[in-house]
Amino acid sequence: MSNKSERGGSASLTYLTKEGFRNIRSNSLMSLASVGVLMSCLIMIGVAFLLFVNIDSMLGDISQENVIMVFIEDDATDDEIVEMGRKIRDIENVQEAVFVPKEEAFPEVMESIGSAAALFEGMESDLLPDAYEITLNDMEKYDASVKELEKLDNVIQLRHNREFASQLTNIRTTGGYISIAVILMLLVVSLFIISNTVKVTMYNRRLEIKIMKSVGATKWFIRWPFIVEGIVLGVISGLISLGIVFVIYFFASDAVADISGVFAVKPVPFKDYVLVMLAAFVATGVITGAFGSIVSMNKYLKEQDYDSDNVSE
Amino acid sequence: MIEFKNVSKSYSNGTKALDGVNLRIEQGEFVFIVGDSGAGKSTLLKIMMREEVASEGSVVIKNRSLNTMKKRDIPYFRRHLGIVFQDFRLIPNMTVYDNVAFAMRVIGAKEKKITNRVPHVLGRVGLAEKAKCLPNELSGGEQQRVALARAIVNNADIIIADEPTGNVDTKRSFEIVEMLNQINASGTTVIMVTHSEELVRRFGRRIITIKDGKIVSDDISNISVEPVADSQVFGDLDIAGKRAIREADEFIRSYNSTIEDSTPEQQGGETDEQ
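How would you explain the overall build of chain A if you had to name every residue and give the values?
From N to C terminus, chain A includes ten helices and four strands. Classification of the 313 residues of chain A by burial places 26% in the buried group. Summarising the internal contacts of chain A: among those between residues at least 6 apart in sequence, 86% fall at separations of at least 24.

Printed below as a string of structure tokens:
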């Protein structure tokens, strides 16, 4: 059955898209509610995300300051020291290795111990050995990197704070898990709220769906305007939310900058994450909008709608 | 042609809505289906619309077996049907024109075809002047005429009307059935479910009575019988003749029944017509 001629005029994509926009206008209150709900969810997620990015970056900065000192034997030749530096830099996890000659190290130490420096007055500046000050990329590989460094020749001593490093790593890992959990939780809550909003919207539109079905509209013809509507509302919500998150972040950064003298906190620049967030927000908006529409519409497409209102049988 | 052979329908809750129904309706017939609430009328219509599938027996409409019809073919099958509901089911925020055009748009009709066809159909149901009105600006009778226009706008072969007069007063009921008569006169099959014995008696047509899921009678009412071919040739004359009788009768009736007919339950949305 249903030969080609019966299927007749092809569905006009322009009409369907226009219909999607018309739906938004004619159901402006529900559209506004959907955008509002989606926006609040996205803003919460955005703020949580930026908060965690900043905490992580701060911990990263702190861990970068946890340098490893490699003290060099006094009788090592210049060539050996240069070769050592090359070998250190060849280690995979080493971000930076700075040679600190004994002449520079002594005044630095003196300065760091403050008034106690008076006790060491008159001492030779070559009291300390030459050293390499090493910064690592990834604190999780701290132990492995230390082992590599221990294998080097001409090393008197390796000074490192393994415990602090591992504590920081733990904090960052835990922080990462917490942030993922919180964002997931917010996402789940958002989906519940959004799906309820979509359900209410669909309930309001069940008459249209029933009429479409009864005159022989195909399922995709019925779905398409709703999907267009979902996507458009999703994109709008995504863009506005991003703007709002930016404003919140702008003021929050200012506030943090005021106290940064105390804590040495430097907020992560918003532009570093603007593209990621834009993509994530628009994608979340589009996916929740489109899927929300499809899923909650299926109920009405499947429903035996004919007798739902006024027929007792 | 519509053919039910030994059709039974049971629902999952154990209710047997139809029980061994045999029925044949030819193209161009006008059939009333009557019966009490719960008798099985709506299940019969749902099976015709392929909203439900018969549990037993076979249903063939326009040479298509509804039992074996694939889901993706159902929308295309429904384009042969024009459905009229008791509660009109008009979209409140669309004008009369758009409500009718909607039925064409959602099956992908071209806008040019729509602009030609919709005014013509609205003229047929006497609502050309009200094209720009919203449904809530119309009386119940007018709203049902919009629903009728929507049902015929896609040139349906079969009109299925489920209690189309249930929400309008007696006078408007006659107008609606009269319109269905005219639609039928052009060769469209009309199947109308009703509770109103008065309507059934007035319009001498085939009456199928359902009780407890079974067809208990299938008669032609005693006023007149119009074979399809005759109604096409002499349809207008016949309708005019019947209209004269009806008008005389209505004059007498309206004397004492206006108050009775105007109770809110019977009016069901009647607003500005009288």
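Having seen the model, we can carry on.
Tell me what's going on with the sheet that holds strand β1 (residues 2-10) of chain B, and back it up with residues and numbers.
Residues and elements named next belong to chain B. The four strands lie next to each other as β2-β1-β4-β5, forming an open sheet whose pairing is antiparallel. Two strands close off the open sheet at either side, each with one partner strand: β2 (16-25) and β5 (64-65). Alignment of strand β4 (residues 56-61) against β5, held across two bridges, turns out to be antiparallel. In the strand pairing of β5, Val60 is matched with Ser65.

Provide a residue-level description of the environment of Ile61 of chain B, including the pertinent values.
All names here are of chain B. Considering the arrangement of structural elements, one finds Ile61 in strand β4. The exposure class of Ile61 is buried, given the 23 C-beta atoms found within 10 Å. Taking the C-alpha atoms as reference points, Ile61 and Glu3, separated by 58 residues in sequence, lie 6.3 Å from one another. When near neighbours in sequence (up to four residues on either side) are disregarded, Ile61 contacts Ile2, Met48 and Leu66.

Explain the sheet that holds strand β10 (residues 214-220) of chain B residue by residue, including any values.
All names here are of chain B. Spatially, six strands are ordered β6-β7-β8-β3-β9-β10 in an open sheet, and the strand pairing comes out mixed. Two strands bound the open sheet, and with one partner strand each, they are β6 (81-84) and β10. Averaged over all adjacent pairs, the angle separating strand axes in this sheet is 15 degrees, with direction ignored. Of the strand pairs in this sheet, strand β3 (residues 30-34) and strand β8 (residues 189-194) are connected by five bridges, and their pairing is parallel. In the strand pairing of β8, Val34 is matched with Thr194. On the sheet, helix α1 (residues 41-48) packs against β3, β7 (158-162), β8 and β9 (206-211) and is oriented at approximately 150 degrees with respect to β7.

I'd like a description of unusual backbone geometry, backed by residues and values.
Glycine aside, negative phi is the norm for most residues, and most peptide bonds take the trans geometry. Residues and elements named next belong to chain B. Notably, Asn63 is not glycine yet its phi reads approximately 65 degrees, a positive angle. In this fold, Asn63 is placed in the loop between β4 and β5. Look at Arg89: it is not a glycine, yet its phi comes out positive at around 55 degrees. Tracing the chain through its elements places Arg89 in the loop between β6 and α3 (96-105).

Could you give an account of the packing of helix α5 (residues 140-152) of chain B against helix α6 (residues 170-185) of chain B, with specific residues and numbers?
Residues and elements named next belong to chain B. Where α5 meets α6, the axes come as close as 9 Å, and the angle between the chain directions of the two elements is 15 degrees. As far as their axial angle goes, α6 and α5 are roughly parallel. Considering how the two elements wind past one another, α5 and α6 form a crossing that is right-handed. For the pair formed by α5 and α6, the contact residues are Gly140, Gly141, Gln144, Arg145, Leu148 and Ile152 on the first element and Arg172, Glu175, Ile176, Met179 and Ile183 on the second. Class assignment of the residues belonging to the contact of α5 with α6 gives a composition of five nonpolar, three polar and three charged.

Can you break down the confidence of the model for chain B residue by residue, with the values?
Residue and element names in this part refer to chain B. Scored by pLDDT, chain B comes out at a mean of 82, with 80% of its residues at no less than 70. Scored below 50 in pLDDT, residues 223-240 makes 17 contacts in the model with residues more than four places away or belonging to other chains. Predicted confidence for residues 259-274 stays below pLDDT 50, and this span has 22 contacts to residues more than four positions away or in other chains.

Describe the nonpolar core, with residues and values.
Membership of the largest hydrophobic core comes to 104 residues, with the highest contact counts inside it found for Val100, Ala149, Ile152, Ile159, Ile160 and Leu180 of chain B. Broken down by element, this core gets its largest block of residues, eleven residues, from helix α9 (residues 219-263) of chain A. In contact with Ala149 of chain B, other than residues within four places in its own chain, are Val100, Val121, Leu122, Val125 and Leu127 of chain B. Membership of the second largest hydrophobic core comes to 16 residues, among which are Met84, Ala105, Ala131 and Met139 of chain A.

Describe in detail the confidence of the model for chain A, supporting the description with residues and values.
Residues and elements named next belong to chain A. Predicted confidence across chain A gives a mean pLDDT of 78, with 84% of residues reaching 70 or more. The least confident element of chain A is helix α1 (residues 4-7), whose mean pLDDT is 42; the most confident is helix α4 (residues 78-90), at 87. Ignoring residues within four places in sequence, the model shows residues 1-11, a span with pLDDT below 50, making 16 contacts including any to other chains. Note on residues 304-313: pLDDT under 50 across the span, and 22 contacts to partners over four residues away in sequence or across chains.

Pulling in residues and values, what's your account of the environment of Ala252 of chain A?
Residue and element names in this part refer to chain A. Take Ala252: it is sitting in helix α9. In this structure Ala252 comes out as partly exposed when scored by C-beta crowding, with 15 C-beta atoms within 10 Å. Between the alpha carbons of Ala252 and Pro267 there is a distance of 9.1 Å; along the sequence they are 15 residues apart.

Kindly report on the pairing of strand β3 (residues 131-136) of chain A, identifying the contributing residues and their values.
Residues and elements named next belong to chain A. Bridge count for strand β1 (residues 68-72) against β3 is four bridges, and the pairing is antiparallel. Pairing of Met69 across the sheet is with Glu133, part of β3. Where strand β2 (residues 94-100) meets β3, six bridges bridge the pair, whose relative direction is antiparallel. In the sheet register, Phe99 faces β3, and the bridge partner there is Tyr132.

Provide a residue-level description of α1 of chain B, including the pertinent values.
Residue and element names in this part refer to chain B. Across the eight residues that make up α1, a large majority, eight, are buried. Looking at α1, one finds that the buried residues are Lys41, Ser42, Thr43, Leu44, Leu45, Lys46, Ile47 and Met48. Downstream of α1 by a residue or two, Arg50 has a phi angle that is positive, lying close to 60 degrees.

Please provide a residue-by-residue account of the environment of Arg172 of chain A, values included.
All names here are of chain A. Relative to the helices and strands, Arg172 resides in helix α7 (residues 162-204). Distance in space between the C-alpha atoms of Arg172 and Leu59 is 6.8 Å, their sequence separation being 113 residues. Look past the residues within four positions of Arg172 in its chain and what remains in contact with it is Asp56 and Leu59.

Criteria and cut-off values
Residues numbered from 1 in each chain as written. Chains lettered and ligands numbered in written order. Predicted model: local features only at pLDDT ≥ 70, side-chain atom pairs only at ≥ 80, totals over all residues. Helix = DSSP H or I, 4+ residues; strand = E, 2+ residues; numbered from the N terminus. Buried ≥ 20, exposed ≤ 12 C-beta atoms within 10 Å, placed from the backbone. Contact = placed C-beta atoms within 7 Å. Pairing = 2+ DSSP bridges. Axes fitted to C-alpha atoms, helices over the stretch in contact; angles between N-to-C directions. Parallel < 35°, antiparallel > 145°, perpendicular 65-115°, else oblique. Left-handed = near helix turned anticlockwise from the far one by under 90°. Nonpolar A, V, L, I, M, F, W, Y, C, P; charged D, E, K, R; others polar. pLDDT = per-residue confidence, 0-100. Core = buried A, V, L, I, M, F, W, Y, C linked by C-beta atoms within 7 Å.

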